[in-house]
Number of protein chains: 2
Amino acid sequence: MSEEKIPYKIYLEESEMPKQWYNVRADMKKKPAPLINPATLKPMTAEELGAVFCEELVKQELNETDRFIDIPQEIQDFYKMYRPSPLVRAYCLEKKLGTPAKIYYKFEGNNTSGSHKLNSAIAQAYYAKKQGLRGVTTETGAGQWGTALSMACSYLGLDCQVYMVKCSYEQKPFRREVMRTYGANVTPSPSATTEVGRKILAEFPDTNGSLGCAISEAVEKATTQDGYRYVLGSVLSQVLLHQSVIGIESKTAMDKYGIKPDIIIGCAGGGSNLGGLISPFMGEMLRGENNYRFIAVEPASCPSLTRGVYAYDFCDTGKVCPLQKMYTLGSGFMPSANHAGGLRYHGMSAILSELYDQGLMEAVSVEQTEVFKAAEQFARVEGILPAPESSHAIKVAIDEALKCKETGEEKTIFFGLTGTGYFDMYAYGAYNDGKMSDYIPTDEELQKSFNTLPEVK
Amino acid sequence: MSEEKIPYKIYLEESEMPKQWYNVRADMKKKPAPLINPATLKPMTAEELGAVFCEELVKQELNETDRFIDIPQEIQDFYKMYRPSPLVRAYCLEKKLGTPAKIYYKFEGNNTSGSHKLNSAIAQAYYAKKQGLRGVTTETGAGQWGTALSMACSYLGLDCQVYMVKCSYEQKPFRREVMRTYGANVTPSPSATTEVGRKILAEFPDTNGSLGCAISEAVEKATTQDGYRYVLGSVLSQVLLHQSVIGIESKTAMDKYGIKPDIIIGCAGGGSNLGGLISPFMGEMLRGENNYRFIAVEPASCPSLTRGVYAYDFCDTGKVCPLQKMYTLGSGFMPSANHAGGLRYHGMSAILSELYDQGLMEAVSVEQTEVFKAAEQFARVEGILPAPESSHAIKVAIDEALKCKETGEEKTIFFGLTGTGYFDMYAYGAYNDGKMSDYIPTDEELQKSFNTLPEVK
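As the structure is a computational prediction, the values presented were derived from the model and not from experiment.

## Focus: the overall build of chain A
Alright, step 1. Along its length, chain A carries 18 helices and 15 strands.
Alright, step 2. When contacts within chain A are restricted to residue pairs at least 6 apart in sequence, long-range pairs at least 24 apart make up 77% of them.
Alright, step 3. Element-wise, carbon and sulfur atoms account for 49% of the exposed surface of chain A, whose accessible area totals about 16100 Å².

## Here's the deal with the pattern of salt bridges
Proximity of charged atoms lets side chains of opposite charge pair with each other.
Alright, step 1. Tallied over the entire structure, the rule returns 48 salt bridges over all chains.
Alright, step 2. A:K256 is paired through a salt bridge with A:E16; the nearest N and O atoms lie 3.0 Å apart. Of this pair, A:K256 sits in helix α11 (residues 237-257) while A:E16 sits in the loop between β1 (9-10) and β2 (20-22), and the two are 240 residues apart along the sequence.
Alright, step 3. Residue A:K256 is classed as partly exposed on the basis of its relative accessible area, which comes to 36%.
Alright, step 4. On the accessibility criterion, A:E16 (25% relative accessible area) is partly exposed.
Alright, step 5. Between B:E177 and B:R176 there is a salt bridge, with its nearest N and O atoms 3.1 Å apart. Each of the two residues, B:E177 as well as B:R176, counts as buried.
Alright, step 6. Salt bridges here are not isolated pairs; linked through shared partners, they connect A:D27, A:R67, A:R287 and A:E289.

## Let's talk about the sheet that holds strand β8 (residues 185-189) of chain A
Residues and elements named next belong to chain A.
Alright, step 1. The parallel open sheet is built from four strands, whose spatial order is β8-β7-β6-β9. The open sheet has two free edges, formed respectively by β8 and β9 (228-230), since each of these has just one partner strand. Pairs of neighbouring strands in the sheet enclose a mean axial angle of 25°, with direction left out of account.

## Some thoughts on the relation of the copies chain B and chain A
Alright, step 1. Relative to chain A, chain B is turned by 180° and slid 0.0 Å along the rotation axis, the superposed coordinates differing by an RMSD of 0.0 Å. Such a combination of turn and shift is consistent with a two-fold rotation axis. In terms of proximity to the rotation axis, the leading residue of chain B is B:N110, whose C-alpha is 3.2 Å off the axis.

## Description of the domain arrangement of chain A
Residue and element names in this part refer to chain A.
Alright, step 1. Segmenting chain A into domains produces domain 1 (9-16 + 83-113 + 238-450) and domain 2 (22-70 + 115-235).
Alright, step 2. Spacing between the C-alpha centres of domain 1 and domain 2 amounts to 22 Å.
Alright, step 3. On the domain 1 side of the interface with domain 2, the three residues burying the most area are S113, Q238 and F423, jointly 18% of the side's total.
Alright, step 4. Put simply, domain 1 and domain 2 have two salt bridges between them.
Alright, step 5. Among the ionic pairs, D27 bridges to R287, the shortest N-O distance being 2.9 Å.
Alright, step 6. Inspection of the domain 1/domain 2 interface yields 18 residue pairs in polar contact (both at pLDDT 80 or more).
Alright, step 7. Those elements that provide at least two residues to the side of domain 1 that touches domain 2 are α11, α12 (272-286), β12 (309-314), β13 (323-328) and α14 (350-357).
Alright, step 8. Residue contributions to the side of domain 1 that touches domain 2 peak at 10 residues, all from α11.

## Notes on the packing of aromatic side chains
All names here are of chain A.
Alright, step 1. Enumeration over the complete set of coordinates arrives at 41 aromatic pairs over all chains.
Alright, step 2. Taking 5.9 Å as the distance between ring centres and 70° as the angle between the ring planes, the aromatic pair formed by F78 and Y82 counts as edge-to-face. Highlighted residues: F78 and Y82, both in helix α3 (residues 73-82), separated by four residues, approximately one helical turn.
Alright, step 3. Overall, the relative accessible area of 3% leaves F78 in the buried class.
Alright, step 4. Judged by relative accessible area, Y82 falls into the buried class, the value being 7%.
Alright, step 5. Taking the centre distance of 4.8 Å and the plane angle of 10° together, the rings of Y310 and Y327 count as stacked. Of this pair, Y310 sits in strand β12 while Y327 is found in strand β13, placing the two residues 17 residues apart along the sequence. With respect to burial, Y310 and Y327 carry one shared label: buried.

## Some details on the confidence of the model for chain A
Alright, step 1. Across chain A, pLDDT averages 94, with 99% of residues at or above 70.
Alright, step 2. With a pTM of 0.94, the predicted complex shows an ipTM of 0.90.

## Some details on the sheet that holds strand β15 (residues 412-417) of chain A
Residues and elements named next belong to chain A.
Alright, step 1. Pairing is mixed in the open sheet, where seven strands are placed in the order β1-β4-β5-β15-β10-β11-β14. Of all strands in the sheet, those bounded by a partner on one side alone are β1 and β14 (362-366).
Alright, step 2. Here strand β11 (residues 293-299) pairs with β14 via five bridges, running parallel. Within the sheet, the bridge partner assigned to I295 lies in β14 and is E362.
Alright, step 3. Where α12 meets the sheet, it contacts β5 (102-107), β10 (263-267), β11 and β15, and its direction lies at approximately 155° from that of β10.

## A word on helix α15 (residues 368-382) of chain B
Residues spaced three or four apart along an α-helix face the same direction, because each turn holds 3.6 residues.
Residue and element names in this part refer to chain B.
Alright, step 1. Relative to the 21 Å expected for 15 residues at 1.5 Å per residue, α15 spans 20 Å between its end C-alpha atoms, a close match to the ideal helical length.
Alright, step 2. By the burial criterion, the buried members of α15 are Q368, V371, F372, A374, A375, E376, F378, A379, V381 and E382.
Alright, step 3. Following α15 by one or two positions, G383 has its phi on the positive side, about 75°.

## Brief notes about the packing of helix α11 (residues 237-257) of chain B against helix α12 (residues 272-286) of chain B
Residues and elements named next belong to chain B.
Alright, step 1. Between α11 and α12, the shortest axis-to-axis distance is 6 Å and the interhelical angle comes to 55°. By the angle between their axes, α11 is oblique relative to α12. Judged by the twist between their axes, the crossing of α11 over α12 is right-handed. Across the interface between the two elements, V239, L240, Q243, S244, I246, G247, I248, S250, K251 and M254 of α11 pack against S272, N273, G275, G276, L277, S279, P280, F281 and E284 of α12.
Alright, step 2. Split by residue class, the contact of α11 with α12 holds eight nonpolar, nine polar and two charged.

## Side note on the interface of chain B and chain A
Alright, step 1. On the chain A side, the residues contacting the 42 residues of chain B number 42 residues.
Alright, step 2. Carbon and sulfur atoms make up 57% of the area that chain B and chain A hide from each other, which totals about 4100 Å².
Alright, step 3. The largest share of the area that chain B buries against chain A comes from B:F174, B:T181 and B:Y422, three residues that together contribute 18% of it.
Alright, step 4. Where chain B touches chain A, the interface holds two salt bridges.

## So, the pairing of strand β7 (residues 159-165) of chain B
Residues and elements named next belong to chain B.
Alright, step 1. Counted residue by residue, β7 has six buried out of seven residues, so it is predominantly covered.
Alright, step 2. Pairing geometry for strand β6 (residues 135-140) and β7, over six bridges, is parallel. Pairing of G135 across the sheet is with D159, part of β7.
Alright, step 3. For the crossover that starts at β6, traverses helix α6 (residues 144-156) and ends in the parallel β7, the hand is right-handed.
Alright, step 4. Bridge count between β7 and strand β8 (residues 185-189): five bridges; the pairing is parallel. Bridged to M164 within β8 is P188.

Reading guide: rules and limits
Residues numbered from 1 in each chain as written. Chains lettered and ligands numbered in written order. Predicted model: local features only at pLDDT ≥ 70, side-chain atom pairs only at ≥ 80, totals over all residues. Heavy atoms only, no water. Helix = DSSP H or I, 4+ residues; strand = E, 2+ residues; numbered from the N terminus. Contact = heavy atoms within 4.5 Å. Areas by Shrake-Rupley, 256 points an atom, 1.4 Å probe, with all protein chains shown as cover. Salt bridge = Lys/Arg side-chain N within 4 Å of Asp/Glu carboxyl O. Buried < 20%, exposed > 50% of the residue type's maximum accessible area, 1.4 Å probe, protein only. Pairing = 2+ DSSP bridges. Axes fitted to C-alpha atoms, helices over the stretch in contact; angles between N-to-C directions. Least-squares fit on C-alpha atoms with pLDDT ≥ 70 in both. Domains from an automatic or database assignment. Buried area = accessible area lost by both parts, 1.4 Å probe. Polar contact = N/O pair within 3.5 Å; in protein donor to acceptor, adjacent residues only side chain to side chain. Phe/Tyr/Trp six-rings, centres within 6.5 Å; stacked < 30°, edge-to-face > 60°. pLDDT = per-residue confidence, 0-100. Expected span 1.5 Å × (residues − 1). Parallel < 35°, antiparallel > 145°, perpendicular 65-115°, else oblique. Left-handed = near helix turned anticlockwise from the far one by under 90°. Nonpolar A, V, L, I, M, F, W, Y, C, P; charged D, E, K, R; others polar. Right-handed = clockwise from strand over helix to strand, strands pointing away.

What follows is the structure, given as structure tokens:
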């Protein structure tokens, strides 16, 4: 199709929307290492995982062979409420930069949760409901995942118990109120509702909480209440599977218009967005059908891929979850307090870690002041106020487009715009006031954190 | 087209998007009364209006004869960045209500400003730029209009000076930061930057400000700085003209799928959304080609159509703007402090006032607690967190759908969903905490306010 015919925004028809998720592990010759039971140091069995996670999700977590997994009709119906998400040609940004590059982005912020998290939240809630459970428990930091899960549970009539890191609960009340509007039970963590919470409160009565503690409370609550399981919004392979809907829609739309990306860029925290975005493209590369450059972008203040080690580690600071082999900074790592957005997880998805280790994907880290500068630049011409997380990808997309300007290359650059920044205006305010600062952990700090890694041969 | 074929969301192709705005006044036999100069009590001339407003916008304001006005290509290009907006079939809400009615809504919240205001903001900014102006001034309350205008001005490289009611500036910092991110100059009003501001501050040093005072400051700033004009986000006929893009897109999509609404519902503050939504449908009715029921929904705490008088009044509490004949509560009217959302304007668009007076449109008022109840109900099944303003329309759409449930009628109900409630979470929080209250002004209060009406024969 001629260049002139490509619209600003490409929306698939409902009939073109994916009916199956894509499981990139099926095309990986060397698979990600298995989850390990910290007590036995043996691979986690389905039965062991089933005490914490829903049955069907355990199957998906362990499924390394089926290339495609059917999306249940009920989930397809829910997807239709806010999907397909648009694939946008960034004509205005290209013009502003004066680049010969063609820039595209897939925008996942057009739903009340404001991010891509909803793609997996509805799937996880659906399987919990199908299993006859009463509800699910989870943790949330800033609240994107909790918001998405609340929406999904409200839709399905499932109880939703969210442990929200106390300082976020108090200082960022907006997402808390969104969750409550969707009927979720939101508890500041640590709380007196769990044994682990009471223990921490007794020892540190003035603590502001941490994600690790919130995970521990959510897992305890899931395993001690009848009819509950724990759900998680990133990192796990099942989450990347559900998020493949982003990449599949993108690829379908691109194929329809004859667009072939040279570079595919996504921000990376736990890896769910990036994994979902790149998976069908990566699949082509793994099968030798096509070639792409993949770039994971992470914050310089939490650089798991670029400065971490590839080793077995705890998935949570509370050390209640299975061990996973991944690029990690150590489960004791906490990003500096001046780190504004998400992407603060100490580790990385096992799938992405393995692909990165095999040299199939690049990674770069960027500092937050330049990320907000890119965000502002993007917002002013493209009319979307991006989430700080998504803006990491914007920053690198702009960098790559400016390289094309120098070389004159007409590369096609594609990035994932995971969400909106409506609930991050304090951070934007700090940037507007010139009060944003950067932080890069020292080698000594990282080494100290690596010392918290468990010994697994 | 068969019922089964109607998708959840209908997006027009770019080629189907409107290339002209529709001017409903051209089809009105009895036109709205002219704007009047408060000094001379004669109709405002183009020259007089040109001191405050941009030339091309003055022409549009006074144009009662051209049915269609071309949308400049630059504005069409900007529209493509966030339009077409989806026409959504509310399958989930229908199912939840158990109604045989078919419910559709046009969702205008899919852009960073979060509302339909951007449709007119880009048009007004474009004509200001085309006139060679340096910038525009405006006022904003909660900030929807100011946000939209900031985005439009940033895109066009135009200076944007926003006077924001002081209490909103301080208590609702998020929209302020969005405006600043888009490069706008945001000043809490009253301020020391204008004569009228200094005068008010001298008299009431502790005032929280008011919309009327902010308008006065913005108009003073526009008329005393070289290369500036004042722009307004609602009420004016030019704004309804720009907002007709909502109705035209809706009608094109409905015609394409053979959908014919029986009832069309919109919330009404100054009338820009409602006027834009209904105009092409109203045009058909005015030309005798079709019949529809139109319902304007306003807050019981600010009931200009349902309890106001149809008379000439000041458009602003500062009394610096022309007089307009409209349904009004008197320019001295202030909605009770417990009123949460927008829709707090004392008057109503002249076009809508005239249509209402001719019996072509109905109006109802609703109380805010039931509005938030409808908002919550909608959010939980439709997955969009609606703005409090939009939720007035949702409330009445649900009421009408429930009437259909009783009678068994399969009516087609269509309403405008003007925006999202992301920046209204304090109000949602009050509702979630059971702390929301209602207020209906007494007849005595209204009478007192009517006494502020100017004497115009």
